[in-house]
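Structure at a glance
One letter stands for each residue in the lines below.
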Amino acid sequence: MTWKNTQNHYGSISIKMHWLMVVLMIFVFASIEGRVFFEKGTELRDLFKMWHFMLGLSVFILVCARLYLRSVQVIPQITPPLSVIQARGAHMAHLVLYVFMIAMPIFGWFVLSAKGKVIPFFGLELPALIPYDKPFGKVLEGWHKEIGSWGYYLIAFHAVAALVHHYIQKDDTLTRMLPVKKNH
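Residues numbered from 1 in each chain as written. Predicted model: local features only at pLDDT ≥ 70, side-chain atom pairs only at ≥ 80, totals over all residues. Heavy atoms only, no water.

**Looking at the packing of aromatic side chains**
We count it as follows: Only Phe, Tyr and Trp rings are paired, with Trp represented by its six-membered ring, and only when their centres lie within 6.5 Å; those with planes under 30 degrees apart are stacked, over 60 edge-to-face, the remainder tilted. A run of H or I in DSSP counts as a helix once it spans at least four residues, and a run of E counts as a strand once it spans at least two, with each numbered from the N terminus. Whether a residue is buried, partly exposed or exposed follows from its accessible area with a 1.4 Å probe, protein chains only, as a fraction of its type maximum: under 20%, in between, or over 50%, in that order.
Tallied over the full model, the rule gives five aromatic pairs. Aromatic pair Phe 29 and Tyr 152: ring centres 4.4 Å apart, planes at 45 degrees, arrangement tilted. Of this pair, Phe 29 sits in helix α1 (residues 12-34) while Tyr 152 is found in helix α4 (residues 134-169), placing the two residues 123 residues apart along the sequence. Classification of Phe 29 by relative accessible area gives buried; the value is 14%. Ring geometry for Phe 38 against Phe 48: centres 5.2 Å apart, planes inclined by 45 degrees, an arrangement best described as tilted. You can see Phe 38 sitting in the loop between α1 and α2 (43-72) and its partner Phe 48 sitting in helix α2, a full ten residues away along the chain. By relative accessible area, which is 27% here, Phe 48 ends up partly exposed. Chaining the aromatic ring pairs together yields one cluster made of Trp 51, Phe 121 and Phe 122.

Right, dumping it as structure tokens:
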């Protein structure tokens, strides 16, 4: 398999980045949901939140890299081709996913900034994006949580759509993003 995309299949870099993003998103959601098993103010709860922040920022970095690669490589064509309406829908769905993956980490950074908290990133402390304003931070946090809950539906829709394409429409939407099996 080539590392670059071709007209018919994503390359190994695009595939690995996609599935790494899946794993990261699982851990981002699991870390914030998992914190509830520990009492407020405990070290374990704070650790789960810290991992949520760091992995969320990792999503931001990875999605920026993915968008760059997408801009400099060919995007494999779906076979058989989608209808115009389906193609527009797919484009919009991907746009919403990318906006979500860019906006949510930045939004989280704003939340921590407004609440006067440390913005951790694997041993670094990132600067605040906005000045301390605890009441505004609580409002931002509420929005961040609400929009984050929409992420579950967005990701589920993306996965279900891939399965519908594969099993019902019988096109190669899903298989273009799976590693090519090596012939022995």
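**Focus: a positive patch on the surface**
Applicable threshold: Here, patches come from residues exposed beyond 30% relative accessible area and free of salt bridges, joined within 9 Å for like charges and within 5 Å for nonpolar side chains (Val, Leu, Ile, Met, Phe, Trp, Tyr). Residue-level accessible areas treat just the shown protein chains as cover; the underlying method is Shrake-Rupley with a 1.4 Å probe. For this document, the term salt bridge refers to a Lys or Arg side-chain nitrogen within 4 Å of an Asp or Glu carboxyl oxygen. When charges are counted, Lys and Arg are positive and Asp and Glu negative, with His and the chain ends excluded. Charged side chains are reduced to one point each, which is NZ for Lys, CZ for Arg, CG for Asp and CD for Glu.
A contiguous patch of positive charge, built from Lys 40, Lys 117, Lys 134, Lys 138 and Lys 145, is present on the exposed surface. The class for Lys 117 is partly exposed, based on a relative accessible area of 43%.

**Description of the nonpolar core**
Selection criterion: Only buried Ala, Val, Leu, Ile, Met, Phe, Trp, Tyr and Cys residues count toward a nonpolar core, and they belong to the same one when joined by side-chain atoms within 4.5 Å.
Met 21, Met 25, Val 59, Phe 100 and Met 101 are the most contacted members of the largest nonpolar core, which totals 17 residues. Among the elements of the structure, α1, α2 and α3 (84-114) are those that each provide at least two residues to this core. Ranked by residue count, the leading element in this core is α1, at six residues. Ranked by size, the runner-up nonpolar core spans six residues in total, among them Leu 57, Trp 109, Leu 112 and Phe 121.

**Observations concerning a nonpolar patch on the surface**
Together, Val 160, Leu 163, Val 164, Tyr 167 and Ile 168 give the surface a local cluster of nonpolar side chains, amounting to about 500 Å² of exposed area. Tracing the chain through its elements places Leu 163 in helix α4.

**Here we look at the layout of surface pockets**
Our working rule: Lining residues are those with an atom within 4 Å of a point, where the points come from a 1 Å grid over the protein atoms alone and group into cavities, where a 1.4 Å probe fits but cannot get out, or pockets, open sets with protein on both sides within 12 Å along at least five of seven lines. Grid points are joined across faces, edges and corners, and a volume is the space filled by probe spheres set on the points. For this classification, the nonpolar set comprises Ala, Val, Leu, Ile, Met, Phe, Trp, Tyr, Cys and Pro, the charged set comprises Asp, Glu, Lys and Arg, and every other residue, Gly included, is treated as polar.
In this model, the largest pocket occupies a volume close to 1,400 Å³. Of all elements in the fold, only α1, α2, α3 and α4 reach the threshold of two or more residues within the lining of the largest pocket. It is α4 that contributes the most residues to the lining of the largest pocket, twelve residues altogether. Looking at the lining of the largest pocket residue by residue, the classes come out as 31 nonpolar, 13 polar and three charged. Counted as a void, the second largest pocket has a volume near 900 Å³. If you list the elements that add at least two residues to the lining of the second largest pocket, you get α1, α2, α3 and α4. Grouping the constituent residues of the lining of the second largest pocket by class yields 16 nonpolar, seven polar and twelve charged.

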